[in-house]
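Take a look at the letters that make up each chain.
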Amino acid sequence: MSSTLLRGRHYLTDMDFTDSELEAVFDVAADLKKEFALGKTHRLLRDKTLFMIFFDHSTRTRNSFEAGMTQLGGHAHDLTPDRLQISHGENAKDTASVLSRYGHGIAVRHTVFGEGHKYLREVAKHSRVPVFNMQCDIYHPFQILADMMTIRERFGTNLRGRKIVVSWTSAPNYVRPISVPQSLVLMAPRLGLDVTLAHPPEFKLMPEIEAQARENAQRAGTKFEVVHDMDEAFRGAHVVYPKSWGPLAVTTNKEEGLALIRKYPGWCCDDRRMRLAAPEAVYMHPLPADRNIEVTDEVIDGPQSIVYDQAENRLHVQKAVMALTMGGRP
Ligand code: CP
């Protein structure tokens, strides 16, 4: 196994673990997945506590972290600001300092643009225990670990020469966070994938994230390109990952954002576009998806869709990171 010295570490961004540390996470996740399938218990975090603070709603993240802690022999507290003194203005320092004296890990979801990641950094600064990013305004690192585990299960660990398309889609009623495409373009080139990012001009990613993604690709010897045409992007792709996000690098005004989204109604993943991709291409989405707006039922329910494998792997990668950071050898 690769480096396992992750005890006590935070996981806040896609750049926090080295390549060999990522390999250790994938190794452990695969082992835990196998044991889970066999009904073997693995109480690696017996009697340990994770505090989960959700500033936003969640189905997959909340339940996979909580189930994961149970399966590891510990317990997760499912917390929201309205049930904490955060609602009366208690700051991140006081919350983190106190919770980290009670338990063994703190996990936060806070996606408000311009606030979420800053809050997580403040929690991490004052926590004595590992802090996990369950999605912020900039990154969704556990989603992307699960996505990469899923892609490696399908195509093998050598992804050289495989192309992933990270494409914007239209979803006219909601300005979604930008964190999933940003984390994807940071992580995918590190693991050997050639990345094509496709979006209308106003839906560009944060410039510093795109610059980091280019640097990651250069260092890994993989490709990174940006196009403004969904059909062009899909041609020959092995992994298509179309999802909506807001024009947050251009405007944080909700009405302006919705008006920009409505400018581009044709950006939907359908059968015609899937046929532009490679014959063995897979369709991915982190969920929840706006069915028949972002993607047709035929595609998301079709044979190329691996969305439920992605969702399942949230459980296994999160257990691996928790076991290695909250447990592990001293
Ligand atoms: N993909 C994801 O993070 O899903 P939830 O919002 O349901 O947690």
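Owing to the predicted nature of the structure, the values given are computational and were not obtained by experimental measurement.

Enquirer: Hey, could you go over the overall build of the chain for me, with residue numbers and the actual values?
Expert: Across its full length, the chain carries twelve helices and nine strands. Over its C-alpha trace the chain gives a radius of gyration of 19 Å, about what one expects of a compact globule, namely 20 Å for 330 residues. Across its three principal axes, the chain shows a C-alpha extent of roughly 55 × 45 × 35 Å. For the chain, the residues scored as buried account for 59% of the 330 residues in total. Restricting to contacts in the chain with at least 6 residues of sequence separation, those with at least 24 account for 81%. For the chain, the exposed surface amounts to about 13700 Å²; the carbon and sulfur share of it is 49%. The centroid of the 41 positive side-chain charges in the chain is displaced by 4 Å from the centroid of its 41 negative side-chain charges.

Enquirer: Go over the domain arrangement of the chain with me, naming the residues and quoting the values.
Expert: Here the chain is described as being made up of domain 1 (19-140 + 314-326) and domain 2 (143-310). Here domain 1 and domain 2 have C-alpha centroids that lie 25 Å from each other. Taken together, the contact pairs 21 residues of domain 1 with 26 residues of domain 2. Of the roughly 1900 Å² buried where domain 1 meets domain 2, counting both sides, 63% is carbon and sulfur surface. Looking at the side of domain 1 facing domain 2, the largest losses of area belong to F26, F113 and H140, adding up to 31% of the total buried there.

Enquirer: Please set out the site of the ligand residue by residue, giving values where relevant.
Expert: Taken together, the neighbourhood of the ligand is formed by S58, T59, R60, T61, R109, H140, Q143, P286, L287 and R314. S58 has a polar side-chain atom sitting 2.6 Å from an oxygen atom of the ligand. Between the ligand and the protein, one listed contact pairs a nitrogen atom with a backbone N or O atom of P286 at 3.0 Å. When isolated, the ligand has an accessible area of 260 Å², and the protein chains bury 93% of it. Of all the cavities here, the one that holds the ligand is the largest pocket.

Enquirer: Break down the pairing of strand β1 (residues 49-54) for me, with residues and values.
Expert: The side chains of a regular strand alternate between both faces of the sheet. Counting buried positions along β1 gives six out of six residues, so the element sits mostly inside the fold. Alternating positions in β1 separate into two faces, T49, F51 and I53 on one and L50, M52 and F54 on the other, with burial throughout. Pairing of β1 with strand β2 (residues 75-79) involves five bridges; the strand directions are parallel. Directly across from T49, in β2, lies its bridge partner H75. Handedness of the crossover joining β1 and β2 through helix α2 (residues 60-71): right-handed. In this sheet, strand β3 (residues 105-110) lies alongside β1 in parallel orientation, the contact comprising five bridges. In the strand pairing of β3, F51 is matched with I106.

Enquirer: Describe helix α5 (residues 141-155), and please don't skip the residues or the numbers.
Expert: In a regular helix each residue adds 1.5 Å, so 15 residues correspond to 21 Å; α5 covers 21 Å between its end C-alpha atoms and thus fits that length. Judged by how many residues are buried, α5 sits mostly within the fold: 13 of 15 residues are covered. Among the residues trailing α5, G156 stands out with phi positive, at a value near 90 degrees.

Enquirer: Quick one: what's the story with the sheet that holds strand β7 (residues 224-227), residue by residue and with numbers?
Expert: One open sheet holds the five strands; their spatial order is β7-β6-β5-β8-β9, and the pairing between them is parallel. Every other strand in the sheet has two partners, leaving β7 and β9 (282-283) as the edge strands with one partner each. Pairing of strand β8 (residues 239-243) with β9, which is carried by two bridges, proceeds in the parallel orientation. Residue V239 lies in a different strand from β9, and its bridge partner there is V282.

Enquirer: So what about the packing of aromatic side chains? Which residues, and what values?
Expert: Across all of its chains, the model carries nine aromatic pairs by this definition. Ring centres of F132 and F142 lie 5.9 Å apart, and the angle between their planes is 85 degrees; this geometry places the pair in the edge-to-face category. Residue F132 is located in strand β4 (residues 131-136), and its partner F142 is located in helix α5; the two are separated by ten residues in the primary sequence. Just as F132 is buried, F142 falls in that class too. Measuring from ring centre to ring centre gives 6.2 Å for F203 and Y264, while their planes differ by 85 degrees; the resulting arrangement is edge-to-face. You can see F203 sitting in the loop between β6 (194-198) and α7 (207-220) and its partner Y264 sitting in the loop between α9 (254-262) and α10 (271-276), a full 61 residues away along the chain. Exposure remark for Y264: the relative accessible area of 18% places this residue in the buried category. In this structure, R62 is placed above the aromatic ring of F54, and the distance from its NZ or CZ to the ring centre is 4.4 Å.

Parameters and conventions
- Residues numbered from 1 in each chain as written.
- Predicted model: local features only at pLDDT ≥ 70, side-chain atom pairs only at ≥ 80, totals over all residues.
- Heavy atoms only, no water.
- Helix = DSSP H or I, 4+ residues; strand = E, 2+ residues; numbered from the N terminus.
- Rg over C-alpha atoms; globule rule 2.2 N^0.38 Å.
- Buried < 20%, exposed > 50% of the residue type's maximum accessible area, 1.4 Å probe, protein only.
- Contact = heavy atoms within 4.5 Å.
- Areas by Shrake-Rupley, 256 points an atom, 1.4 Å probe, with all protein chains shown as cover.
- Lys, Arg positive; Asp, Glu negative; His and termini not counted.
- Charge placed at Lys NZ, Arg CZ, Asp CG, Glu CD.
- Domains from an automatic or database assignment.
- Buried area = accessible area lost by both parts, 1.4 Å probe.
- Near = heavy atom within 4 Å.
- Polar contact = N/O pair within 3.5 Å; in protein donor to acceptor, adjacent residues only side chain to side chain.
- 1 Å grid on protein atoms, 1.4 Å probe; cavity = no way out; pocket = protein on both sides within 12 Å on 5 of 7 lines; lining within 4 Å.
- Sits in = over half its atoms within 2 Å of the grid points.
- Pairing = 2+ DSSP bridges.
- Right-handed = clockwise from strand over helix to strand, strands pointing away.
- Expected span 1.5 Å × (residues − 1).
- Phe/Tyr/Trp six-rings, centres within 6.5 Å; stacked < 30°, edge-to-face > 60°.
- Lys NZ or Arg CZ within 6 Å of the ring centre and 35° of its normal.

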